[in-house]
Amino acid sequence: MDNTLTFDQENRERVKAVAESFGPSGKSLSQPGRVLMGEGRLLKQSRKKPQLKVFFLFNDVIVYGSVVLNGLWYKNQRIIPLENIKLEDMADTSNLKNQWLIRTPRKSFYVAAPTREEKRAWMEHIEQCKASLLQKGHTPTGEFAVSWMPDSASDICLVCEAKFTATNRRHHCRMCGILVCHKCCKDKAVIGHINATKKQKMCRHCYSKKQEDGARIRGNSEDGDPAASSDEDDHEVDDSLLYQNPSSWLDSRMGTWNDMRHYMSMHRAST
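Remember, predicted model here, so these are calculated numbers, not experimental data. (Residues numbered from 1 in each chain as written. Predicted model: local features only at pLDDT ≥ 70, side-chain atom pairs only at ≥ 80, totals over all residues. Heavy atoms only, no water.)

## Some points on the overall build of the protein
The line we're drawing: Only DSSP runs of H or I with at least four residues qualify as helices, and only runs of E with at least two residues qualify as strands; both kinds are numbered from the N terminus onward. With a 1.4 Å probe rolled over the protein chains alone, any residue whose accessible area is under 20% of its type maximum counts as buried; one over 50% counts as exposed, and the rest are partly exposed. It only takes one pair of heavy atoms within 4.5 Å for two residues to be counted as in contact. Computed with a 1.4 Å probe, the accessible areas rest on the Shrake-Rupley method; for each residue, only the protein chains presented here act as cover.
Broken down by element type, the protein carries four helices and 13 strands. Each of the 271 residues in the protein was classed as buried or not, and the buried ones make up 42%. Looking at the protein alone, contacts between residues at least 24 apart form 52% of all its contacts between residues at least 6 apart. Of the roughly 15,400 Å² of accessible surface on the protein, a fraction of 49% belongs to carbon and sulfur atoms.

## Thoughts on the nonpolar core
Using the following cut-off: To qualify as a nonpolar core, a set must consist of buried Ala, Val, Leu, Ile, Met, Phe, Trp, Tyr and Cys residues joined through side-chain atoms within 4.5 Å.
Phe55, Leu57 and Trp100 are the most contacted members of the largest nonpolar core, which has 24 residues in total. Taken together, the elements giving at least two residues each to this core come down to β1 (36-45), β2 (50-58), β3 (61-68), β6 (99-103), β7 (109-112), α2 (116-135) and β12 (248-251). Counting residues per element, this core draws most heavily on α2, at six residues. Judged by nonpolar contacts, the second largest core, of 17 residues, contains Val15, Val18, Val54 and Phe56.

## Description of a nonpolar patch on the surface
The condition is simple: Patches here are clusters of residues that have more than 30% relative accessible area and form no salt bridge, with a 9 Å joining cutoff for like charges and a 5 Å cutoff for nonpolar side chains (Val, Leu, Ile, Met, Phe, Trp, Tyr). One side-chain nitrogen of Lys or Arg within 4 Å of one carboxyl oxygen of Asp or Glu is enough to make a salt bridge.
Side chains of Leu69, Leu72 and Trp73 sit close together on the surface and give an oily, nonpolar patch of about 360 Å² of accessible area. If you trace the backbone, Leu72 turns up in the loop between β3 and β4 (73-81).

## Points about the packing of aromatic side chains
Put simply, the test is: Here a Phe, Tyr or Trp ring, Trp counted by its six-membered ring, pairs with any other such ring whose centre lies within 6.5 Å, and the pair is stacked when the planes are under 30 degrees apart, edge-to-face when over 60, and tilted otherwise. A ring is scored as having a charge over it whenever the NZ atom of a lysine or the CZ atom of an arginine sits within 6 Å of its centre and within 35 degrees of its normal.
Within this structure, the stated rule accounts for seven aromatic pairs. The interplanar angle of 70° and the centroid separation of 6.3 Å between the aromatic rings of Phe22 and Phe56 together place this pair among those described as edge-to-face. Linking Phe22 in the loop between α1 (2-20) and β1 with Phe56 in strand β2, this pair joins segments that are 34 residues apart in sequence. Exposure remark for Phe22: the relative accessible area of 3% places this residue in the buried category. Here the aromatic rings of Tyr64 and Phe109 are separated by 5.4 Å at their centres, their planes lie at 50°, and the arrangement is tilted. Taken together, the positions of Tyr64 in strand β3 and Phe109 in strand β7 put the pair 45 residues apart, joining distant regions of the chain. Members of the aromatic cluster, joined through ring pairs, are Phe55, Tyr64, Phe109, Trp122 and Trp249. If you follow Arg34 out to its NZ or CZ, it ends over the ring of Phe58, 5.9 Å from the centre.

## Thoughts on the side chain of Lys53
The residue Lys53 is located in strand β2 in this model. Lys53 sits in the buried class, given a relative accessible area of 0%.

## Quick notes on the confidence of the model for the protein
Convention followed: pLDDT expresses how confident the predictor is about each individual residue, on a scale running from 0 to 100.
Per-residue confidence for the protein gives a mean pLDDT of 81, with 79% of residues at or over 70. Segment residues 216-229: pLDDT under 50, and 16 contacts once partners within four positions in sequence are set aside and those in other chains are kept.

## Some remarks on the pattern of salt bridges
In the structure shown here, the tally under the stated rule is five salt bridges. In this structure, the salt-bridge partner of Glu20 is Lys16, at a minimum N-O distance of 4.0 Å. Taken as a pair, Glu20 and Lys16 lie in helix α1 at a separation of four residues, close to a single helical turn. The salt bridge involving Lys119 is made with Asp89; its shortest N-O contact spans 2.6 Å. Pair noted here: Lys119 is in helix α2 and Asp89 is in strand β5 (residues 86-89), with a separation of 30 residues, a long-range link. Overall, Asp89 belongs to the exposed group, its relative accessible area being 53%.

## Points about the state of the cysteines
What counts, and what does not: Two cysteine sulfurs form a disulfide in these notes if their separation is within 2.5 Å.
Under the defined criterion, the tally for this structure stands at zero disulfides. The closest cysteine sulfur to the non-disulfide-bonded Cys160 is located on Cys184, 3.7 Å from its own sulfur. The exposure class assigned to Cys160 is partly exposed, which follows from its relative accessible area of 30%. Cys206 carries a free sulfur, and the closest cysteine sulfur to it, the one in Cys203, is 3.7 Å from it.

## Looking at the environment of Glu117
With respect to the helices and strands, Glu117 occurs in helix α2. Since its relative accessible area comes to 28%, Glu117 is described here as partly exposed. The spatial distance from the C-alpha of Glu117 to the C-alpha of Asn98 is 8.9 Å, given a sequence separation of 19 residues.

Right, dumping it as structure tokens:
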């Protein structure tokens, strides 16, 4: 009994500390039954290049944000319910090693861990927490946002083939994720799983298809949340912070926290 009370108190303090690390702009994370399962730093693919982010895995949500002040504080807090997440394993590329895709209804993005072991740990822990939620009756989403093409993927609009310049800038179709110019994404329409009311940029092809589909579908919910603002950083962060400390995980059997070295030894012992 005493051990349970001690763990509950320590967990509440950890959850509160995570929320406070995002400063006054961060949302409260205290919820009945919420447990902090793990935390660590990952690289998240942005439009221009991978950026260092801090990730916190709870038993019901993932929270992530941008690293500031050498990892002492964070900003741009994002909260994603685990039942709305789908993971896809990805092969290494020249830009990202040990990567995988996190798909959500509103935004999908690539992340990468410093080692294969950390990648495996993150994917396994997320899947285990999600499975536990679904067993309790939570309903998974059926639609996911596409991942955007990086800006470096094309020098021309993929619809009209006009060259991108300082004045003819890159835009992304929210429906298919390709790079297009302003002229080719003037059309907008609601994409329900991204936002129930706000219209999103679309390329000509996706807009035409959406209009055809719209002839058969009527009405949209008025209760959608506002569209998420960008979580990309406007300042340089030292990516070496990624390798300073391994991710740490809660040992649910012991009620204690361990770093990746403990996870790796446990995994080797079970294989």
